[in-house]
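# Observations on the three-dimensional arrangement
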Amino acid sequence: MFKIKRLIAFCIDLFLVSILTICITNVDYINPYMNDVDDATKAYNEVLNDYRSLSNEDEIEEFINNIQDKMYDYEHTQIYVNMWYIIFYFGYFVIFAYFTGGQTLGKKLMSIKIVKEDDSKVGMGGLLKRTITNGSSFFMGMNIMAFSSLMLTISMKASRTYVLAFTGLMVLSTIVEIANIIIYIKNRDNKCLNDIVSGTKVVRVQ
């Protein structure tokens, strides 16, 4: 039951951060690329659909050459979305949680909180560590990929290196997430990978 309560708390928190990000980035002067998203998404999907079957090296080469520009263009339209998501995500899970004694709104509703291993108040550093290791492109927060995508798109041009770096980071983030889920399911102390890395735990509020 405790594992379920913790999962519900996280889903609530992730929903709040996502909704806040969507609301703020749907304002034109805050997100100047908002009107370019549909065109970039359509162009990206068209390339994916054209190369569903990559049967030889020439097709793979052509696919990479065509997808790199479309992938870069799409991620470029997400710069402000990723930026605001990172600000809200870390602001909520680190700063807000610190000043509320290790509780987010989701955790408060579920009557649980984050503490250090010795049951003392969790510090800003501990919250930062557990937040960095809690996310991927698939489900758990997307903070790793949001940050990686932002840095890659700002620092690199559309190229094969960009595609390979982006794909590699996506795979890495997914591995981190899978490890997080497996550890959480198997761990008798109800800990995730981020708890182990940060020296924290989630406990019931008395």
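Structural notes, computed from the coordinates. (Residues numbered from 1 in each chain as written. Predicted model: local features only at pLDDT ≥ 70, side-chain atom pairs only at ≥ 80, totals over all residues. Heavy atoms only, no water.)

## Observations regarding the environment of Thr-167
Take Thr-167: it is sitting in helix H8 (residues 160-186). When its relative accessible area of 38% is taken as the criterion, Thr-167 is described as partly exposed. Separated by 42 residues in the primary sequence, Thr-167 and Gly-125 place their C-alpha atoms 29 Å from one another. (Helix = DSSP H or I, 4+ residues; strand = E, 2+ residues; numbered from the N terminus. Buried < 20%, exposed > 50% of the residue type's maximum accessible area, 1.4 Å probe, protein only.)

## Quick notes on a nonpolar patch on the surface
Judged by side-chain polarity, Phe-15, Leu-16, Ile-19, Ile-22, Phe-96 and Leu-105 come together as a nonpolar surface patch covering roughly 520 Å² of accessible area. With four residues, the single largest contributor to the nonpolar patch is helix H1 (residues 2-25). Inspection of the secondary structure puts Phe-96 in helix H4 (residues 79-99). (Patch = residues over 30% accessible without salt bridge, like charges linked within 9 Å, V, L, I, M, F, W, Y side chains within 5 Å. Areas by Shrake-Rupley, 256 points an atom, 1.4 Å probe, with all protein chains shown as cover. Salt bridge = Lys/Arg side-chain N within 4 Å of Asp/Glu carboxyl O.)

## Describing the pattern of salt bridges
If you walk through the whole model with that rule in mind, you get four salt bridges. Between Asp-195 and Arg-6 there is a salt bridge, with the nearest N and O atoms lying 2.7 Å from each other. One end of the pair, Asp-195, is in helix H9 (residues 193-198); the other, Arg-6, is in helix H1, with 189 residues separating them in the sequence. The same class applies to Asp-195 as to Arg-6, namely buried. With a closest N to O distance of 2.6 Å, Asp-195 and Arg-130 form a salt bridge. Here the residue Asp-195 occupies a position in helix H9, and Arg-130 occupies one in helix H6 (residues 124-132), the gap between them amounting to 65 residues. What makes Asp-195 buried here is its relative accessible area of 0%. Here the salt bridges share partners, and the residues they tie into one network are Arg-6, Arg-130 and Asp-195.

Interpretation in functional terms is not warranted from these geometric data alone.
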